[in-house]
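Structural characterization, general
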Amino acid sequence: MKRSSLAGRRKLRALFIVLLAAMFGLIGLNAALAHAVAEGDKGYIQEITGVNIIPFVYLGAKHMVTGYDHILFLFGVIFFLYRLKHIAIYVSLFAIGHSTTMLLGVYFNVGINSYLIDAIIGLSVVYKALDNMGAFQRWLGFQPNTKVATLIFGLFHGFGLSTKILEYKISPDGLVPNLLAFNVGVEIGQLTALAMILIAMGFWRRTNSFWRHAYAANTVMLTAGFVLIGYQLTGYFISQA
């Protein structure tokens, strides 16, 4: 019975790792669409005017939950965080950065090339994977300030969203309330995604395989980040040709 139970747990852990790798592979392949807005939502944003609180809350939450780059970065940020206090600090820093540039970028009509900003977002995923793998300590001899990095990359994530919103020419009528509602939705979506990540991580951390496969998981995340960077830079150079 013990051997059977042990073999079953090993198979379960192996299946979990395979599913994790498959998930990150799909994330890497679809990351280029992370800030894209569905055609139906795009048309809705372009057509409506006035204050529309509930629809924009929904759109913000939908964006975050389906934003593969956001989820990857959040996954990397909380990967080695165990205390809720520490998780709250880092997630709050990311939210402050994300919210600030999204709101100000749209309000003041500050647009950045979407390919370049999404490439930087891919870089944030690469950075966090390398940080989790201890690469900076080995290469540089010191640990960069992870809180500052989380805030800075949060600013870039927000510009990625504001750039897309500007492309869809949201109506100035009711702009501020709608943007605030959208941002509330983004935070709701972020908390939802974070809860799912923490539940999955909680189960994984209770197994003996967590420390054995932590490096491999971050390697897969690193690869997904490079896929996003390469895709976006390729798109940028094609668009400039």
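The number of helices and strands found in the chain is 10 helices and zero strands. For the chain, the N- to C-terminal ordering of α and β elements is α-α-α-α-α-α-α-α-α-α. The 241 residues of the chain split such that 48% are buried. Partitioning the intrachain contacts of the chain with sequence separation of at least 6 by distance along the chain shows that 86% fall at a separation of at least 24.

Bringing the packing of helix H9 (residues 175–205) against helix H10 (residues 209–240) into the picture now. Between H9 and H10, whose axes approach to 9 Å, the crossing angle comes to 125 degrees. Compared by their axis directions, H9 and H10 come out oblique. Of the residues in H10, those in contact with Met201, Trp204 and Arg205 of H9 are Ser209, Phe210, His213, Ala214 and Ala217. For the contact of H9 with H10, a count of residues per class yields five nonpolar, two polar and one charged.

Counting 32 residues, the largest nonpolar core has Phe75, Ile78, Phe79, Met201 and Trp204 as its most contacted members. For this core, the secondary-structure elements that each account for two or more residues are helix H4 (68–78), helix H5 (84–107), helix H6 (114–132), helix H7 (135–140), helix H8 (146–167), H9 and H10. Sorting elements by how many residues they give to this core places H10 first, with seven residues. With residues near it in sequence (within four places) discarded, Met201 still touches Phe75, Ile78, Phe79 and Phe210. By size, the runner-up hydrophobic cluster in this structure holds 18 residues, among which are Met64, Leu161, Ile165 and Ala181.

Time to look at unusual backbone geometry. Phi at Asn109 is positive, roughly 55 degrees, even though this residue is not glycine. Along the chain, Asn109 turns up in the loop between H5 and H6. On the basis of relative accessibility, which here comes to 59%, the residue Asn109 falls in the exposed class.

Turning next to the packing of aromatic side chains. Each aromatic ring pair is characterised by the separation of its centres together with the angle its planes make. Tallied over the entire structure, the rule returns 14 aromatic pairs. Geometrically, the ring pair formed by Phe73 and Phe94 is tilted, given 5.3 Å between the ring centres and 40 degrees between the ring planes. Of this pair, Phe73 sits in helix H4 while Phe94 sits in helix H5; the two residues are 21 residues apart in sequence, bridging distant segments of the chain. Accessibility expressed as a relative area gives 0% for Phe73, which makes it buried. With a relative accessible area of 1%, Phe94 lands in the buried category. Here the aromatic rings of Phe80 and Trp211 are separated by 5.6 Å at their centres, their planes lie at 15 degrees, and the arrangement is stacked. Of this pair, Phe80 sits in the loop between H4 and H5 while Trp211 sits in helix H10, placing them 131 residues apart in sequence. You can call Phe80 partly exposed: its relative accessible area is 28%.

Before going further, it helps to spend a moment on a nonpolar patch on the surface. On the surface, a nonpolar cluster with roughly 570 Å² of combined accessible area is contributed by Leu104, Tyr107, Phe108, Val110, Val176 and Leu180. Those elements that place two or more of their residues in the nonpolar patch are H5 and H9. Here Leu180 lies in helix H9.

Scoring rules and cut-offs
- Here, residues in each chain are numbered from 1, in the same order as that chain's written sequence.
- Local features in this predicted model are restricted to residues of pLDDT 70 or higher, and side-chain atom pairs are both shown and tallied only at a pLDDT of 80 or more, whereas totals for entire chains, interfaces and linings draw on every residue.
- Derived side-chain values reflect all non-hydrogen atoms in the structure, with water molecules and hydrogen atoms excluded from consideration.
- Secondary structure elements follow DSSP: runs of H or I no shorter than four residues count as helices, runs of E no shorter than two count as strands, and numbering proceeds from the N terminus.
- Whether a residue is buried, partly exposed or exposed follows from its accessible area with a 1.4 Å probe, protein chains only, as a fraction of its type maximum: under 20%, in between, or over 50%, in that order.
- Note on definitions: a residue-residue contact is assigned when non-hydrogen atoms from the two residues lie within 4.5 Å.
- Fitting a line to C-alpha atoms yields each axis, with helices limited to the stretch in contact; the angle taken between N-to-C directions then spans 0 to 180 degrees.
- In this scheme, roughly parallel covers angles under 35 degrees and roughly antiparallel covers those over 145, while 65 to 115 is roughly perpendicular and the rest are oblique.
- Polarity classes work like this: nonpolar for Ala, Val, Leu, Ile, Met, Phe, Trp, Tyr, Cys and Pro, charged for Asp, Glu, Lys and Arg, and polar for all others, with Gly in that last group.
- Take the buried Ala, Val, Leu, Ile, Met, Phe, Trp, Tyr and Cys residues and link them wherever side-chain atoms come within 4.5 Å; each set so joined is a nonpolar core.
- Between 30 and 60 degrees the pair is tilted, below 30 it is stacked and above 60 it is edge-to-face, where a pair is any two Phe, Tyr or Trp rings, Trp via its six-membered ring, whose centres lie within 6.5 Å.
- Two joining distances apply to patches: 9 Å for like charges and 5 Å for nonpolar side chains (Val, Leu, Ile, Met, Phe, Trp, Tyr), and every residue must have over 30% relative accessible area and no salt bridge.
- Each accessible area is a Shrake-Rupley estimate made with a 1.4 Å probe; only the visible protein chains count as cover when residues are assessed.
- Basic side-chain nitrogens of Lys or Arg form a salt bridge, by our definition, when they fall within 4 Å of a carboxyl oxygen of Asp or Glu.

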